[in-house]
Structure formats: structure tokens, C-alpha cells
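Descriptive structure summary
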Amino acid sequence: MKIADKTDYPDSEKLLIYKENKKLTYGVQMTAGDNGYRFDLRTGNGQGQNIIGSINFSGTITETKREAIVNSCPICLTAGTLIDTPAGQIPVERLVKGMTVWSLDRSGKRIASMITKTAATPVPLPFRAVRIELNDGRSVTASPGHPTAEGRAIVDYQVGDLLDGAQVVKTEFINYESAMTFDFLPDSTTGLYWADKIILESTLKP
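The following refers to the structure shown. Counting starts from 1 at the beginning of each chain's written sequence and moves along it residue by residue. Only residues with pLDDT of at least 70 are given local features in this predicted model, and only at 80 or more are side-chain atom pairs given and counted; all residues enter the totals for whole chains, interfaces and linings. With hydrogens and water stripped out, all remaining heavy atoms of the structure feed into the side-chain values.

This paragraph deals with the sheet that holds strand β8 (residues 110–122). What the three strands build is an open sheet, ordered β7-β8-β13; its pairing is antiparallel. Every other strand in the sheet has two partners, leaving β7 (100–104) and β13 (180–186) as the edge strands with one partner each. Averaged over all adjacent pairs, the angle separating strand axes in this sheet is 50 degrees, with direction ignored. Alignment of β7 against β8, held across five bridges, turns out to be antiparallel. From the neighbouring strand, S103 faces β8, where its bridge partner is I111. We call two strands paired when DSSP finds no fewer than two bridges between them. For helices the rule is a DSSP run of H or I covering at least 4 residues; for strands it is a run of E covering at least 2, with both sets numbered from the N terminus onward. Every angle, taken between N-to-C directions, lies between 0 and 180 degrees, and every axis is a line fitted to C-alpha atoms, over only the stretch in contact when it is a helix.

Below, the structure is given as C-alpha cells:
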């Protein structure tokens, strides 16, 4: 993609820039170490490759592993995530269309909302999810691109940021070994729900 450097961009070019940013954000995962960074890089659409290696502080890149994988971009919740419902907390993978969950209306009022759609997305292996811990003891684990109530991706949060009224104290990538991620859509106007007691937005929202 080649776009000229300028002070303002039309909407069509802003969309292209946004898409490229998402590729970099979710296609490359970096982990800091004592001698530099470890990277996981995905290339190709559909049948692609996963390349693992390191970059030292001098800029030297060392490839340690390369394997064929199916590339997709799951942006859903991890198995076992507990969803708040009028009947108590239920793991996200057990939710079905027609069940009722707690959601929010546009005024911020908690309401009972019926599930209109569910989704289970295959996960490319290896895959790492993001876990966020808050200073009030809550934590949630989801795919890096899963949106919060603010519309930000989980992976964008840093220590010190505010999420659902509390301060982020830790963020980390964790290996996710289940075959699927999960999400659902409540029929509320916001598409919001509580996942492990933290308000998130459905990825299925139109």
C-alpha cells in the first residue's frame, strides 16, 4: 500500500490505513525479553505461515521456527469466560439463541436482553489471547481484537489505562489452546454485556 504523506486524508485512505494498522497489531505479537524482543508473525490469508524469532537490541533478526497454519482473526471471547445473566453467571460457550443475559441500554441502565445470535470461531494454532487485570481484582481474557464498551481493542490497553471504571495493572499474552473462541449478540441497542464482570461489546453488533 502506497499513500502519500500529507496532513489530511480522505475517508477511503483512512480506511486503508486502519486496515494496515490492524494487520500489524494482530498479525505480529511482540514480547520483551532481556536481550530484545521475541516475535510471532503471521503471513498470508487462509493457508499461511507462522514465523517465530527474535530481534536483539542491535536490530539483528533471528528466525527460530516456521510452520504452516491457517490464518484467521478470531476476535471473540475465550472458552470459560463467565457471562452475567439473570440466572447467574454462565460460560460463554454454553449460551444459545433465545437465552437472556444482562446488558445496558443507551442511558447506562442494566436491562435483561435476549440473545439473537451466537458464534463460535475456529482458532489458528498457535494463538495467544490477551489477559487484562484491574486494580479492583477483576480480570478478563479475550482475543486481542475484542472491543470494550469504549470501542477499543483489548490489546490496545496499557498499564495505567482505565477499563470499566478501574485501572489496568497488568496486561499479558497467554497461550490459548482451545479450538474455538465464542461470542453472542444481545438484542439491546448497545450490544454490551458483562464478561467476567467487565463490560465488553459484542463483535457481532452490526
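Let us now look at the nonpolar core. Residue types Ala, Val, Leu, Ile, Met, Phe, Trp, Tyr and Cys, when buried and joined through side-chain atoms within 4.5 Å, form a set referred to as a nonpolar core. Using a 1.4 Å probe on the protein chains alone, a residue whose accessible area is under 20% of its type maximum counts as buried, one over 50% counts as exposed, and one in between counts as partly exposed. Counting 25 residues, the largest nonpolar core has L77, I83, L95, I132, F184 and L200 as its most contacted members. Going through the elements one at a time, β9 (128–134), β10 (139–142), β12 (166–175), β13, β14 (192–195) and β15 (198–201) are the ones with two or more residues in this core. With three residues, β9 is the single largest residue contributor to this core. Other than its neighbours up to four places away in sequence, L95 contacts I83, I90, V101, I115, T118 and F184. Core analysis: the next-biggest nonpolar cluster, separate from the first, contains five residues, W102, L192, W194 and I199 among them. Contact criterion: two residues are considered in contact whenever any of their non-hydrogen atoms come within 4.5 Å of each other.

On to the layout of surface pockets, then. Two kinds of site are reported from a 1 Å grid over the protein atoms alone, namely cavities, where a 1.4 Å probe fits but cannot get out, and pockets, open sets with protein on both sides within 12 Å along at least five of seven lines, and residues are called lining when an atom falls within 4 Å of a point. Grid points are joined across faces, edges and corners, and a volume is the space filled by probe spheres set on the points. In this structure, the second largest pocket occupies an estimated 260 Å³ of space. Along its surface, the second largest pocket is lined by 13 residues, and M30, V155, T171, E172 and F173 are the ones closest to its centre. For the lining of the second largest pocket, the element with the most residues is β12, which contributes three residues.

Turning next to unusual backbone geometry. Phi angles above zero are rare outside glycine, and D164 is one such case at about 50 degrees. Relative to the elements of secondary structure, D164 occurs in the loop between β11 (162–163) and β12. Residue classification places D164 among the partly exposed residues on the basis of a relative accessible area of 28%. Phi is positive for K197, close to 70 degrees, though the residue is something other than glycine. Along the chain, K197 turns up in the loop between β14 and β15. Classification of K197 as partly exposed rests on a relative accessible area of 42%.

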